[in-house]
Amino acid sequence: MGKTRTKIFTSDDVSRIESEYRLLRDNLYRCDKPGDDELIDKAFRFANEAHRDMYRNSGEPYIIHPINVARIVNQEMGLGSRSIAAALLHDVVEDTGVQLDEITKEFGPKIASLIDGLTKISGTYNKETHSLQAENFRKMLMTLSDDIRVILVKIADRLHNMRTLDSMPEHKRMKVAGETVYLYAPLAHRLGLFAIKTELEDLSFKFRHPRIYDEIARKVKMDEKKNLALINRFSLPIIEELNENNIIFDISGRFKSIYSIWKKMQSKNIPFEEVYDLLAVRIVFEPGPEMSERAQCWQIYSLITDIYTPKPDRLRDWVSRPKSNGYEALHLTVMGPEGRWVEVQIRSQRMDDIAERGFAAHWKYKGDTSVSENELDKWLKHIREMLANPMSDPLAFLDEFKMSLFSSEIMVFTPKGLLVNLPKGASALDFAYEIHTSIGNKAIGAKVNYKLSPLSTTLQSGDQVEIITSNIAKPEKEWLEYAHTAKAKTAIKDALKDESTDRIRKGMEMLETRLSELGVQPNSEIIKKLLDYYELLNKDELYSRIGLGLINLDELRKVLRKTPEGSLAKYWKLAIGGVTRKSSGVKESPPVPGTIDKSHPYLLRENIDNTGNSYIIAGCCNPIPGDEVIGYVDHSNSIIVHKPKCPAAVKLMSSEGNRIIPVRWTIHKLASFLARIRIDGIDRIALINEVTNVISTELNVNIRNINVSVYDGIFEGTIDLYVHHTSDLNNLILQLSNVKGIASVRRVEEFVE
Ligand code: MN
């Protein structure tokens, strides 16, 4: 935050600093190892000297900020003396003349590396501010591999800045508040700092939407008295019952935070008055010796449900299976007095400590909570992997990191019952990659709860997932649309990159070898000749086709001798015109009806990526290469390809005949077209597997989507496929009709994607 060194500290300033420091020093939480006090005092003196005569925007001495960050670090996170020292020193290197070596000399390498992680990369802020922000965040995370405490101090720093954001200039407030809710609050949540997460969200919301914040705060305040009375009335019978059962406990009432009330209003699209779960009661118990903590949670649960009726779908058991951030508790919602729902949270003392102080508390209970600790360790390991494999774009990194914060929100199972954690919204494909990259790369479908489902299926907690693989399957570009985890995305991108560069390299080598056998040096003239002859747009496409074996190099000599024909040049120009129009939006030489030479068919060229095509496949009849086709030049001069028998085409032919042009497929068997087939039959075990097997062994066919339902032993479904040509499709239909149990297989011509 802003700092200036314009005047000399007054005696008021000095005594203010002194009293703030005493607040920290006199209330240290569990800091009683020998040397702790000395280290903290030394760090304070050092920082105080370095920040001497510096003020914050608020007008307070600057050192008040590091002192308060240190208090948060100790009292709200439970961290020890080194972290307190790091918090006191956290702005010294960035904002004063002190160098990192001095810190190393005075405080040793450990604290120095914490400070280094907390120091921003220097750079000009007006240039690519976003990237610099992202880059700084990444740098901070890099230190994770050494020490998680850097992040914790950083969160404490952010929390104090948010608490004092009022004194920031307005344009900076938005940036800080936005970044807080985007990154720091989820990060705090991920680390189990629930109270801090809630406060960060509320503060950020307050600055981003001050009017709505005030409105909700006012309504909460208005009902406060009434609600307090309600909570008291609600709690009394519980207190009596727990006392009777000799349970030592603490009970407290709480209101939903303003930000979560607002989120509820948004997501459910309801007014404040209809948010029903505003009230919660928390019971923290001292575990007795005769029962496990878990059993005691359930004992209290049953005592409460003897009094109040629970809402069955609102039971949350994070005791048997803690949240991935380590949170353990039993939550239930019951019908309270006046017909109001009240949430009850049941936690042991230990669970409460972990919930409130987060990560640091984990170490305190190390050994007791092996499950949740493993979860957190797994996440940290994942972050380290991401950092070890840096992506070129820091913003992309930021996005993926952000995704990882929400990781492990659902739990799914392998067929053998092993638990796999995935982010909310993860697909079957993500699951495949989570198991192993090689499984992901070979996946063709999944069985979710024994039902055949496409890889794009969104998984739900509790699903059992089996991945169907095929040795000839390969990652597809469109997989990126339903891959959510960083792991899956990275693996798919890698595979796609490998595949196409391999192909291009191989093709280039093959061509060069062949040319040198003919005694020809490869040059641009020759390449151009080949591009013209094979009707291709660029070199990579040419190499790629050679690499795939789609261009026969035996005819090379013949091709090179040939001079281009006039008619070929004409198509060439037309096609270029079409492509240019689509990609740049510049209408250069559109095929205007009437000027098109209808005596020669327009060539439907294929494009490897299926992008930049100069024509559109009509959705009403979905023609694919091999089908008889006609073209219609529409009013924005795009060529729409129909089957001549398609009713829509028939209508066009009769009403706008001058816009109909002859078209012809150019077949290189590379581009894929979407087709749908329909299968009916009698359900029997393994039928689906056999069908998928038949499809997966057909080399020229790729499954895009499978939709199957079974009613009383009758099985019916549609399969969407990518094929190159009708012959592939016909061949597949023939193969499928030979499968035992299949009654009919036919192509569906009318479908909308
Ligand atoms: Mn700071």
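Keep in mind the model is a prediction, meaning the values are calculated, not measured. (Residues numbered from 1 in each chain as written. Predicted model: local features only at pLDDT ≥ 70, side-chain atom pairs only at ≥ 80, totals over all residues. Heavy atoms only, no water.)

Enquirer: Give a detailed account of the coordination of the manganese ion, specifying residues and quantitative values.
Expert: Looking at the metal site, the manganese ion is ligated by His65 (NE2), His90 (NE2), Asp91 (OD) and Asp157 (OD), spaced 2.2 to 2.5 Å from it. Taken in sequence order, the residues that donate to the manganese ion follow the motif H-x24-H-D-x65-D. Here the residue His90 occupies a position in the loop between helix H4 (81–89) and helix H5 (92–95), and Asp157 occupies one in helix H8 (residues 149–163), the gap between them amounting to 67 residues. The class of Asp157 is buried, set by a relative accessible area of 8%. (Donors = N, O, S within 2.8 Å, 3.2 Å for Na, K, Ca; no water. Helix = DSSP H or I, 4+ residues; strand = E, 2+ residues; numbered from the N terminus. Buried < 20%, exposed > 50% of the residue type's maximum accessible area, 1.4 Å probe, protein only.)

Enquirer: Just give me the short version of the pattern of salt bridges, but keep the residues and values in it.
Expert: A full pass over the atoms with the stated rule returns 29 salt bridges. For Asp26, the salt bridge goes to Arg22, with nearest N and O atoms at 3.3 Å. Taken together, the residues span about one helical turn, with Asp26 and Arg22 both in helix H1 (residues 11–26) at a distance of four residues. Judged by its relative accessible area of 52%, Asp26 falls in the exposed class. (Salt bridge = Lys/Arg side-chain N within 4 Å of Asp/Glu carboxyl O.)

Enquirer: For the confidence of the model for the protein chain, give the residues involved together with the corresponding values.
Expert: Averaged over all residues, the pLDDT of the protein chain is 78; the fraction at 70 or higher stands at 80%. Ranking the helices and strands of the protein chain by mean pLDDT puts helix H2 (residues 36–50) first, with 95, and helix H25 (residues 566–584) last, with 31. Note that pLDDT drops below 50 for residues 123–130; the model gives that stretch six contacts with residues more than four away or on any other chain. Considering only residues more than four positions removed or in separate chains, one finds that residues 564–594, a stretch of pLDDT under 50, has 46 contacts. (pLDDT = per-residue confidence, 0-100. Contact = heavy atoms within 4.5 Å.)

Enquirer: Could you give an account of the sheet that holds strand E15 (residues 630–633), with specific residues and numbers?
Expert: Pairing within the open sheet is mixed, and its five strands lie in the order E13-E17-E15-E16-E14. Of all strands in the sheet, those bounded by a partner on one side alone are strand E13 (602–604) and strand E14 (615–617). Strand after strand, the sheet turns through a mean of 40° between neighbouring axes, direction not considered. Relative to strand E16 (residues 639–642), E15 is paired through four bridges, and the arrangement is antiparallel. Directly across from Tyr632, in E16, lies its bridge partner Ile640. (Pairing = 2+ DSSP bridges. Axes fitted to C-alpha atoms, helices over the stretch in contact; angles between N-to-C directions.)

Enquirer: Residue-level account of helix H12 (residues 258–268), with values.
Expert: Among the residues making up H12, those that are buried are Ile258, Tyr259, Ile261, Trp262, Lys264 and Met265. Phi turns positive, to about 55°, at Asn269, one or two residues after H12.

Enquirer: Could you give an account of the side chain of Thr726, naming the residues involved and the relevant values?
Expert: Note on placement: Thr726 falls in helix H28 (residues 726–737). Taking the relative accessible area as the measure of exposure, Thr726 reaches 11% and is therefore buried. Excluding its chain neighbours within four sequence positions, the residues that come into contact with Thr726 are Ile624, Pro625, Gly626, Asp627 and Arg747.

Enquirer: An account of the packing of H1 against H2 is needed here, citing residue identities and associated values.
Expert: Where H1 contacts H2, the two axes come as close as 12 Å, and the packing angle between them is 155°. Taken together, the axes of H1 and H2 are roughly antiparallel relative to one another. With respect to the hand of their crossing, H1 and H2 are arranged in right-handed fashion. Contacts between H1 and H2 involve Ile17, Tyr21 and Arg25 from the former and Asp37, Ile40, Asp41, Phe44 and Asn48 from the latter. (Parallel < 35°, antiparallel > 145°, perpendicular 65-115°, else oblique. Left-handed = near helix turned anticlockwise from the far one by under 90°.)

Enquirer: Report on the side chain of Arg56, specifying residues and quantitative values.
Expert: Along the chain, Arg56 turns up in strand E2 (residues 55–56). Notably, Arg56 is buried but unbridged: the nearest opposite-charge side chain belongs to Glu60, and the N-O separation is 4.1 Å. Within polar-contact distance, the side chain of Arg56 engages the side chain of Thr164 at 3.2 Å. (Lys, Arg positive; Asp, Glu negative; His and termini not counted. Polar contact = N/O pair within 3.5 Å; in protein donor to acceptor, adjacent residues only side chain to side chain.)

Enquirer: Quick one: what's the story with unusual backbone geometry, residue by residue and with numbers?
Expert: If you check the backbone angles, Asn246 has positive phi at about 55° while not being a glycine. Backbone geometry at Asn622 places phi at a positive 45°, although glycine is not the residue there. Turning to its location among the elements, Asn622 is positioned in the loop between E14 and E15. Owing to a relative accessible area of 10%, Asn622 belongs among the buried residues under this scheme.

Enquirer: Please set out the sheet that holds strand E5 (residues 316–317) residue by residue, giving values where relevant.
Expert: Pairing in this open sheet of five strands is mixed, and the strands run E3-E4-E7-E6-E5 from one edge to the other. Where the open sheet ends on each side, the last strands, each with one partner, are strand E3 (248–255) and E5. Of the strand pairs in this sheet, E3 and strand E4 (residues 279–286) are connected by eight bridges, and their pairing is antiparallel. Directly across from Asp250, in E4, lies its bridge partner Val284. In the packing of helix H11 (residues 210–244) onto the sheet, contacts are made with E3, E4, strand E6 (330–335) and strand E7 (341–348), and the angle to E3 comes to roughly 160°.

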